[in-house]
Every structure is written in C-alpha cells, then in structure tokens.
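# Reading the structure
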Amino acid sequence: MRPNRKTLIAAAAVLGLYVVIELLRQTNVLDGYWQQVMDLSLIITISALGLSLIYGFAGQFSLGHAAFYGIGAYTSGFITKSYGDTPFWFILALIAGVTAAMVAAFLIGLPILRLKSDYLGIATLGFGIIVKVVLDNTDKWAPIMGGSRGMLGIPHLTTFAWVFWLTVAAVLLCRNLILSSHGRAMITVREDEVAADIMGIDTTQSKTLAFVVGCGLAGLAGGLYSHLYPFLHPTSFDFLKSLDVLLVVVLGGLGSLTGTVVTAVAWVFLLEGLRILPEAFLEWRGVLYALLLVVVMITRPQGLMGGKEWSLYKSKGSSAAPGKGGNSRASA
Amino acid sequence: MMKRILALTVAAMMVAGVVAGCGGAGSGSGGGTIKIGMIAPMTGDVKTFGESTEQGVLLALEQHKNKAGGYTIELVKGDDRNDPTEGVNIATKMITQDKVKAIIGSVSSKVTIPISEVANAQKVITITGTSTNEKVTMGEKGRKPFVFRACFIDPFQGLVGAKFALNTLKAKTAAVMYDKGNDYTVGLAEQFKLNFEKGGGKVVAMETYAQADSDFNAILTKIAGLKPEMLYLPDYYNKVSLIAKQAKSKGLNVPMVGGDGWDSTDIDYATLDGQYFTNHYAADDTRKEVQTFVKDYEAKYKKKPDALAALAYDATLVLLEGIDNAKSDDTEKIRAAIQGLKNFSAVSGKITYDEKGNPIKGAVILQVKAAKSFKFVETVNP
Amino acid sequence: MAPGQGGKPPALANPSLGGQFNVKLAEQLLNGLQLGFVYALIALGYTMVYGIIRLINFAHGDVFMIGAFLFFFGFNVWGLPWWLALPLSMVLSAAIGMAIERLAYRPLRERGAPRIAALITAIGVSLFIEYFTSLKFVFSANFRVVPRPFEDTRFVIGGLGISTVQIFVIATVLVLLAILQFIVYRTKIGKAMRAVSVDQDAARLMGVNVDQVISFTFGLGSALAAAAGCLFALAYSQISPFMGIMPGLKAFTAAVLGGIGSIPGAVLGALIMGEAEVLTAGYLTSNYRDAIAMSLLIVVLLFRPAGLLGKAIREKV
C-alpha cells in the first residue's frame, strides 16, 4: 500500500503549492512583473524537460531545440489570432502546436537520428537555423505572422493555472516514460548504442520516441509562450536559445528530472532577478551570468543533481546518471 | 554538503527575487508626482539616436522645471538597445513596476510598435519623437488611442524622397535595398517604390537583407548589373555607411537617397559625401523656434542638435502640454488633451493631430557633406 | 550549388547578354571566394582543436572578434601601420586563446570531466568574452568603423570587376594557408599535432608533451581567427563585440561540412559555404542564404556522415 499513500501525499503537496502561489498572485504580493517571470520559468521548465528526455536520458545531442519551441509558438499563435481567443481555440491551438512540433521532429529525425553525437548536434543546429529562416520569412506566405518584423496581436491566454498544471503533467509524463521499458531502453541506448542493439532494443524506435516526445514538449512550451507575451519575434527562437536550454539541462545534471526542473526555474529567476541591479551595474548582468556558468561547470561538471533524482518515490538503486565507463562517446 | 549549499543558494535567490518583487509593488504614485518612462536605444547599433533623444527630453524637462499641470515629473530611463523584445520587456517593467503614466519613446518604429501595443492595452500614453511607420499609431484593429507621435509618417516621407529623385535628380530607374526585419525600412521602401513608379519611374530592384548582415557584395553585384540611376537606402546611418562603402567597390557610383535614419554624427560623411536624405528639420532653418532651440541645446550640450533631439524635445513638450491642459494624472484626460492640440508650436513645425494621431508636417531634404555636416537643400510641404 | 549551376543563360538571341551573365557569375564567385576564405581561417581553428581534443570551442568566434578589435586599436588608436597591427593582433590573440585553454579547458581535462562539461564551459567563456567586451570601459557595446589603410579601387579586367580589398584578402589567406601547411607538415610540432590528433595516449607514450601541443594548437588556431577578424574588419568595416557569433557558427558548420578534424576539409567546406551564401544572395534572395547553406550541410551529412573529407570511424565492437 505504500505507493498509494505516497502518491496521495505528493498530489496534496502539489495542490497545496498551487493554492499558495495562486493566492500570492491574486493578492498582488507577487506583482505583475514577477508573475510573468514565474510563468516564463515554468514554460522554460517544460521545454527543458523535453530536452532532458532527448539528451539527458536518451543521449541524443540536439542543438536545435528552440526550433521546435518556435514551431509550437507560431503555429498556436497563428490559430488563436486567426480563429478566436476562447478556451476552446486555445486548447486547439496548443494541440496544433504540439502536433506541428512532433511532426517536424519525426520528419527531420528520420534521416538525422542515425548520425553520431557531435554530427547530430550540428545537423539539429542546421535544422534550427533553417526553421528560423522560415520564421523570418513567414510574411511572404502568411502575412499575419509578421516574418522578421515580429508577430503582434496574439491573445493573452496563458494563465498561471494553465502553466502550472501543464508543467505538472509534463513532469508526470516524463517520469512515467523514464520508468517504463521505453525509458530504460533509451537510457541503454545512451550508454552504449551498439550493446543496446545487440540486446535486441530497436534503437531507432527508442531514439525517435525520445526525440518526438521531447520536441512535442518544446512545442507545448512554445504555445504557452506565444500566449504569454504580446510580441513574438523569430530571434527568440534562434540558436542561442537552443544553447540556453542545453545549459539548463546540463547544469541540472544529465539524467535527472528534478535537476532539470529546479535549474530551469532558478535560471529564469536568476536572469530576471539580475535585472533589478542598480543601473550602474546593469551591464554586468551578462558578465556575471557567464562567469557563474564557467565556475559551476569547472567545479561541478556533473551538474546540480549529478543524475540523481529527488523524489518521494525512492526506487532502489536507480541513478540515471550517464556512466563514465569505457565509452566516452556516450557523454557527449 | 555541496549539494545542500547549492540548493540553499538557489532557494535564497528565489526568495530574494520574490522579495524584490514585493518591494517593487509597494511604490505607487505618491501624491503629486507623475512618472514618465523614457525608452531609447542608448547602446547598440543606433546609439547616437538614443543619446540625442535623451538630451532632447532632458532639455525639455529642465525648461519646464520638471513640473506640469501641478505635478512633479519623475523620469524613468530604459535602454532598449534597438531590440524590440528588449523594448517590450522594459516597457512592461516600467508599466507594472514603476507605474509610469506615459512613455516617451522609442526611436525605431520596430521597437515602438510593440511597445505601443503593450502601453495602449494598459492605457499608458506612448509618444514617440521619431518613429515614422504608420503602424505605430494604427494597430490591426484601428487607431490605438493612447499613442501619438511628433513626426511625419513614412507614406509622406517616401513620397518626398520619390519626388526628389524624379524631379531634382532626374532619375528614371532606381534600386532599393532595405532590411526586411524592420517595419521602418520596409514601410519606407514600399512607399518610395509606390510613389516613384506613380511618377513614371521604374524600380529595377527591391533587394532585402537581414539586420545582422554585413556582406552586401552579392546583392550589390546583382544590382550593379541592372544599372540603376540611383540607389534608395532607407536604413539607419550605420548600415547605410556600410552599404555605400561596398557599393563603390562594385562600381555603383550613382546618387543615393535615404530617410531620416541617416541623421547622425556617426554617419560616414566621407563615403556618403554628396548624397541626400529626407529629414524632419534642419539646424540652419531660420524659423524662430528652431534658432531658440538650437541656441539652448548648444548652450547645454556644446553641440548642434540633430532631428532626433529636436523631435524628442517636441514629443516631451507635447506630453507636458497635455498634462498641463488636463491638470490631472488620469491618462484618459491627458490623452484627450493631447489629441485636441491645435497648432501647437514645436521646433519641427506646428502640430495638430489628425484622427490617426499623426501631426501634419513638412519635411526637409539635406545633403551630406564630407566636412562632417549636412547642408539644407529644400523644404517640402504636404 | 556548385559553380556553373546558377541557371540557364537567357535567350541566345542576345549573345552579349550571355557573356554579361558569365561575367556577373564570375564576379559573384569572386565575392564568394573572399567570404569563403575568411570563413576558412576561422574554420581551421575549429577543426584543429576538435581534431586534437574533440572539443567544439564555442569561444573561437569571439577570438575572431578580439582579433578585429585589436587590429582596430592598433591601426586606428595607437597609430601603427597596418602591416604591424595585423601580426600584433595575431600574436596577442594567440596568447588569449592559449590562456583560455589553460584557465577553462585544461582543469576539466585534468579531472576527466565529461566532454559536454567542456562544451558548456566553452559556451560560458564565449558569453563571458562577449559581455565583458561590451562593458563601457572595455570596448562598449557599439559598432566601431574601421577605416581602410588603403583605398579600395576597382579594376575591370575583361568586364570582370575586382577590387583591391578582394585581392588583399585572398592573397593574405593564401599566404597564411601556406604557412600553416608548412607548420603542420614540415615541423616537429606539426608532427606532434598530427600524432596527438590520431591517438593521444600513443603520442604521450612516444614522448610527446601533449599539454604543450594542445596549447600550441589553440594558439595557432587563435592566430588564424584573429587574422580572419582583421581581414573582416578591412573588408566589411564594422566591428562590434557580438560580431563573432554568426561567422563563428558558419565557420564551424563549414568545418563539419568539410570533415571536422581535416585541415583541407575545413578550407573546402568554408569555400563551399561562402559560395553557397553568395550565390543564393545573388541569384535568389539574400533572405534564404543561411537556410540554403544549412540544408547543404544536412544533405552532405546524410550521405557522408563524417563530412566531405572526413574519415568514417569504423566502430569496433
């Protein structure tokens, strides 16, 4: 009976957290600006979870994650802007965004997932740039998307409730996937693809599953993002943004969902928090951020959680950290 | 142990963030003060625009003794680095945290357009000195009531440029190069083409590039092959300097015409010697308002004001006049006051607002001189 | 996107038009050559470092930027003649490159950290350089215009227009390539570099000081990147702290296209990328130049997963 009790406690804790935060927001203890920052941090969390699945667990080095984020954002924005801003359209738009991202991931994944490690990274990076160019030129075939001048007028439909509960759903999805046989297959593929192949695992299926689901999560995050900010611009989905998400996943520790979640939230708050520096020091924001990054990586290269999970659910002996044994290829 | 410290640090930072946020919420508008935000590109690729804007705004406020309509005016500054996303972030922060009633800015239409959307939705007044694109005051659903500007708009500017090219430069063919990611350059380029062709000319090339591009050899070689009689370059001074330099080395020794984005002391005078651009005002205009303004500006800043400064000064004056007339910090009243201005005397001309929030004003044509100055050529009135 | 594939010449009713077309094509090819060679210098640094320690040095594009700024300071601010400013910039940048390796990457290597950690550190270093140089008291975030040391005059030979800047860029790159060739294939340190890139442990056993070789490689690559920065400043006149991001990215993809780890591959890849970009801008529209270049890369990788001149590593089970 232990699992059931733990599940109830976990559910209660999550619900409680939601109620507390929602109260803080409604009473304006947390003002509009920080509310937006909090929403953004959860959106980034969803996206990061996607990359965590792709890279942290399945070992597929993807440098184009922001592209799928962008596909989701523009697709869903296009729908609500063209058809309506009711909750019905919002849900439809989000689903459309996720689907578009997943289809794109599947199509590009088919040919490129067979590439090894660094080359896969380059190919995904290339794909990311292609998507950005497409987004820059949308004004040619779909003028309301604005092209490189940006897209205005997407209804503000993202609320904390949406973001919070979708984040919870994303975490649950990832967790269940990881603990399933599919997830174990992914981890095996990450460790040693040849061995996994020999053991009878369909490596292509594993990799594709991770990639498609991960990119779908990015698409979901994108859909929420486009309905949060009044202004959408292709530069928010460029290569540098892909690096940001990669940073979060690695800093949190590869193979750890907790690490990803905590780091994603902390990272957004840190970046935004640094904005409140007195004006004289404002330009040091980027320098401090970069310095912090370098120092953390040198002193703790395995990331925050080092591959361990923090959970109310301690599965015995399961650490999903990437192994250090023999095959150094796996870690990149 | 390390992990514990790390976790605690992270938690502490989050708490600090929340506390800072709470701290911000407390400060509302203490009786008798109106906060105004100023958003301009203080750094980045058009930094002289931002510097001039700030100087114009500060001069206007100083001359008004930082008071209007019985209130004390407090200025909050923001640097948008000529990036729309940055501008929106700053505007959001100013509106939600600093609780500004009005925003003066920005300079480039591509930044002002999204800012005006955000501000208008929150009933915060936006007044821009120099953003000339139509979409600044006209959104997709029509007029944005809380948005105004102190300058003419690009349909007029494009017309002036085209007429000058046809009538004075006697050019029959033209090539246009512009940044497709910028509403300002896109709008101006399209208006030029429209009017140039309406006047009997032919635009042989409409080439686009991206803001990050610095190698224009390929485009220029392509254009050179089409032998246009002139080149229309509606971009900002730094890009235009680059393009002009590379154009010469591709054999394109033709007259070049541009827009008000050229107005900067950082423009490459040597390369653009003898070329023309449309602008809002000329420092050697003999009108009394202009000469007084130039004198005051030079006294304070030791240099001649450019159009950016003059328009920022005008925009600030308009806003202060609106507050004076409304005698209130209710943005709806201020808005109505500004909309109702008739023949308000500004440096760049007399301002009367039409139903689109645009003043009806004339333009000037200036010529770049290698001796680091702009020569006044002619005035064009609508 | 090979040259000569620009499209069919227009109707033969006007043969001179066909001639003019070929001249324009030749001019565009020359434009692409100039761009490609500048990329090549940067790509070489990426490929050499990757070949030796399997690291994608994201900070390399910023060394390119530092080189451009050092040239600007040397030539414009301190008043040195350009033929002094250029080598000075290269030497100082080499030192900076070696310092980065020593301070940021070597500690990770010594601890046996996973390769991804080195990659993230590289990203951090790159961001640090960019933001630090944007500070007001360093370079400040603004554009600087670099005046040219000599006038850019245009020659027309048989209808084909060439400018002195183009000649200068191409000539300088060729000279540097020749010097590189000499170093890598005819000196002891070059031999050591090649040995370490094949098998680090075996090289160590043969008495090669691996750390020194790695440092040297960084220095060499950085010097080349700095030279690219100087040439870029000469050709395109504007520099800013963030100017290294796009060229660095393109040079890196060029290196992969040609086969990462292969020196001739880096040059080949860079030339192809440069031509692809320019021809797209010249014959289609400048907006798609990046997309076409990247598509080219992906297509090549699908058929030759290790790049054009790369060696396919056989997997031993």
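Every value quoted in this text rests on a predicted model; they were computed, and no experiment measured them.

In terms of helices and strands, chain B carries eleven helices and 17 strands. Computed over the C-alpha atoms, the radius of gyration of chain B is 22 Å, within 12% of the 21 Å expected from 2.2 N^0.38 for a compact globule of 382 residues. With respect to the three principal axes, the spread of C-alpha positions in chain B is 65 × 65 × 45 Å. Going through the 382 residues of chain B one by one, you find that 59% of them count as buried.

For the rest of this paragraph, the subject is the sheet that holds strand E4 (residues 102-105) of chain B. Across a sheet, paired strands are connected by hydrogen bonds in the backbone, their directions being either parallel or antiparallel. All names here are of chain B. One open sheet accounts for six strands, arranged E2-E3-E1-E4-E5-E8; its pairing is mixed. Of all strands in the sheet, those with a lone pairing partner are strand E2 (67-68) and strand E8 (147-149), marking the two edges. The pairing of E2 with strand E3 (residues 71-79) spans two bridges and is antiparallel. The residue bridging lysine 67 from the neighbouring strand is threonine 72, located in E3. Against the sheet, helix H2 (residues 47-63) contacts strand E1 (33-40), E3 and E4, and its axis sits at roughly 160 degrees relative to E1. Along the sheet face, helix H10 (residues 307-326) touches E1, E2, E3, E4, strand E5 (125-128) and E8 and points at about 165 degrees away from the line of E4.

Residues and elements named next belong to chain B. The pairing of E1 with E4 spans four bridges and is classified as parallel. When the sheet's bridge partners are listed, isoleucine 36 is paired in E4 with alanine 102. As paired elements, E4 and E5 share three bridges and run parallel to each other. Note that in E5 the partner of alanine 102 across the bridge is isoleucine 125. Considered for its hand, the β-α-β crossover made up of E4, helix H4 (residues 109-121) and E5 is right-handed.

Take the sheet that holds strand E11 (residues 230-233) of chain B next. Residue and element names in this part refer to chain B. Strand order in the open sheet made by the seven strands is E10-E9-E11-E12-E13-E16-E17, with mixed pairing throughout. Bordering the open sheet on either side are strand E10 (202-209) and strand E17 (373-380), each of which pairs with just one other strand. Averaged over all adjacent pairs, the angle separating strand axes in this sheet is 25 degrees, with direction ignored. Summarising the sheet, strand E9 (residues 173-179) and E10 pair through seven bridges and their orientation is parallel. Bridge pairing links methionine 177 to glutamate 207 in E10. Those strands touched by helix H6 (residues 183-198) are E9, E10 and E11, and its axis lies near 165 degrees from that of E9. Of the strands in this sheet, E9, E11 and strand E12 (256-258) touch helix H8 (residues 237-248), which is tilted by about 155 degrees from E11.

On to the nonpolar core. One recurring pattern in soluble globular proteins is that nonpolar side chains are buried together. Membership of the largest hydrophobic core comes to 337 residues, with the highest contact counts inside it found for Ala40(C), Leu41(C), Ala43(C), Ala68(C) and Ala227(C). Among the elements that line this core, the one with the most residues is helix H8 (residues 210-236) of chain C, at 18 residues. Both domain 1 (34-151 + 286-351) and domain 2 (154-279 + 366-380) of chain B contribute no fewer than three residues apiece to this core. Leave out the neighbours within four places in its chain, and Ala40(C) touches Val173(C), Ala266(C), Val267(C), Ala270(C) and Leu271(C).

Time to look at the pairing of strand E3 (residues 160-163) of chain C. All names here are of chain C. As paired elements, strand E2 (residues 154-157) and E3 share four bridges and run antiparallel to each other. Each residue of the ladder has a partner; that of phenylalanine 155, found in E3, is isoleucine 162. Once E2 ends, the chain turns through two residues before running back antiparallel as E3, passing glycine 158 with a positive phi of about 60 degrees.

Here we come to the interface of chain A and chain C. Counting residues at the interface gives 34 residues for chain A and 37 residues for chain C. Mapped by element, the contributors of at least two residues to the side of chain A that touches chain C are helix H4 (87-112), helix H5 (117-136), helix H11 (239-252) and helix H13 (285-299) of chain A. Top element by residues in the side of chain A that touches chain C is H5(A). It accounts for ten residues. Broken down by class, the residue content of the side of chain A that touches chain C amounts to 26 nonpolar, five polar and three charged.

Now for the packing of helix H3 (residues 82-110) of chain C against helix H4 (residues 115-134) of chain C. All names here are of chain C. The geometry of H3 relative to H4 is characterised by a closest axis approach of 9 Å and an angle of 155 degrees between their N-to-C directions. Judged on the interaxial angle alone, H4 and H3 are roughly antiparallel. Two packed elements cross with a definite hand, and for H3 against H4 that hand is right-handed. In contact with Ile100, Ala104, Tyr105 and Leu108 of H3, H4 contributes Ala117, Ala118, Thr121 and Val125. Here the residues of the contact of H3 with H4 sort into seven nonpolar, one polar and no charged.

With that out of the way, let us pick up the domain arrangement of chain B. Residue and element names in this part refer to chain B. Under the domain assignment, chain B is made up of domain 1 (34-151 + 286-351) and domain 2 (154-279 + 366-380). When each unit is reduced to the centre of its C-alpha atoms, the spacing between domain 1 and domain 2 is 27 Å. Between domain 1 and domain 2, the contact holds 16 residues from the first and 15 residues from the second. Mapped by element, the contributors of at least two residues to the side of domain 1 that touches domain 2 are H2, H4 and H10. By residue number, the principal contributor to the side of domain 1 that touches domain 2 is H4, which donates three residues.

This part is about the confidence of the model for chain A. Residues and elements named next belong to chain A. Averaged over every residue, the pLDDT of chain A is 85; the share at 70 or more is 90%. Ignoring residues within four places in sequence, the model shows residues 312-318, a span with pLDDT below 50, making four contacts including any to other chains. Low pLDDT, under 50, characterises residues 324-332; the stretch is placed with 18 contacts to residues that sit more than four places away or in other chains.

Another point: the environment of Tyr288(C). As for its position among the elements, Tyr288(C) is in the loop between helix H10 (263-283) and helix H11 (289-303). Expressed as a C-alpha distance, the spacing of Tyr288(C) and Glu277(C), which sit eleven residues apart in the sequence, is 8.5 Å. Once residues lying within four places of it in the same chain are set aside, the contact partners of Tyr288(C) are Val133(A) and Thr280(C).

Take the confidence of the model for chain B next. Residues and elements named next belong to chain B. Averaged over every residue, the pLDDT of chain B is 86; the share at 70 or more is 92%. Note that residues 16-30 has pLDDT below 50 and, in this model, 21 contacts with residues that lie over four places away or in other chains. Scoring of the predicted complex yields 0.85 for pTM and 0.82 for ipTM.

With that out of the way, let us pick up the packing of helix H7 (residues 217-225) of chain B against H10(C). Contact geometry of H7(B) with H10(C) gives a least axis separation of 8 Å together with a crossing angle of 35 degrees. With respect to the hand of their crossing, H7(B) and H10(C) are arranged in right-handed fashion. Residues Asn217(B), Ala218(B), Ile219(B), Thr221(B) and Lys222(B) of H7(B) form the contact with H10(C), whose participating residues are Val278(C), Ala281(C) and Gly282(C).

Turning our eyes to something else, we now look at helix H5 (residues 154-168) of chain B. The terminal C-alpha atoms of H5(B) lie 20 Å apart, and with 15 residues this matches the ideal 21 Å at 1.5 Å per residue to within 8%. Here H5(B) has its buried residues at Asp154(B), Phe156(B), Gln157(B), Gly158(B), Leu159(B), Val160(B), Gly161(B), Ala162(B), Phe164(B) and Ala165(B).

Turning to H2(B), a few remarks are in order. All names here are of chain B. The first and last C-alpha atoms of H2 sit 25 Å apart over 17 residues, in line with the 24 Å expected at 1.5 Å per residue. Within H2, 15 of the 17 residues are buried, which leaves it mostly tucked inside the rest of the structure. Lysine 65 sits one or two residues past H2 and shows a positive phi near 55 degrees.

Residues and elements named next belong to chain C. Mapped onto the elements of the fold, isoleucine 263 is located in helix H10. For isoleucine 263 and threonine 172, which are 91 residues apart along the polypeptide, the C-alpha to C-alpha distance reads 18 Å. Once you skip the residues sitting within four places of it in the chain, isoleucine 263 turns out to touch Leu44, Thr47 and Val184.

Let's shift gears to unusual backbone geometry. All names here are of chain B. Here the bond from glycine 105 into serine 106 is cis, since omega is -10 degrees, no more than 30 degrees from zero. By the secondary structure assignment, serine 106 is in the loop between E4 and H4. Backbone geometry at lysine 372 places phi at a positive 65 degrees, although glycine is not the residue there. Assignment of secondary structure puts lysine 372 in the loop between strand E16 (363-369) and E17.

What counts and what doesn't
- Residues numbered from 1 in each chain as written.
- Chains lettered and ligands numbered in written order.
- Predicted model: local features only at pLDDT ≥ 70, side-chain atom pairs only at ≥ 80, totals over all residues.
- Helix = DSSP H or I, 4+ residues; strand = E, 2+ residues; numbered from the N terminus.
- Rg over C-alpha atoms; globule rule 2.2 N^0.38 Å.
- Buried ≥ 20, exposed ≤ 12 C-beta atoms within 10 Å, placed from the backbone.
- Pairing = 2+ DSSP bridges.
- Contact = placed C-beta atoms within 7 Å.
- Axes fitted to C-alpha atoms, helices over the stretch in contact; angles between N-to-C directions.
- Right-handed = clockwise from strand over helix to strand, strands pointing away.
- Core = buried A, V, L, I, M, F, W, Y, C linked by C-beta atoms within 7 Å.
- Domains from an automatic or database assignment.
- Nonpolar A, V, L, I, M, F, W, Y, C, P; charged D, E, K, R; others polar.
- Parallel < 35°, antiparallel > 145°, perpendicular 65-115°, else oblique.
- Left-handed = near helix turned anticlockwise from the far one by under 90°.
- pLDDT = per-residue confidence, 0-100.
- Expected span 1.5 Å × (residues − 1).

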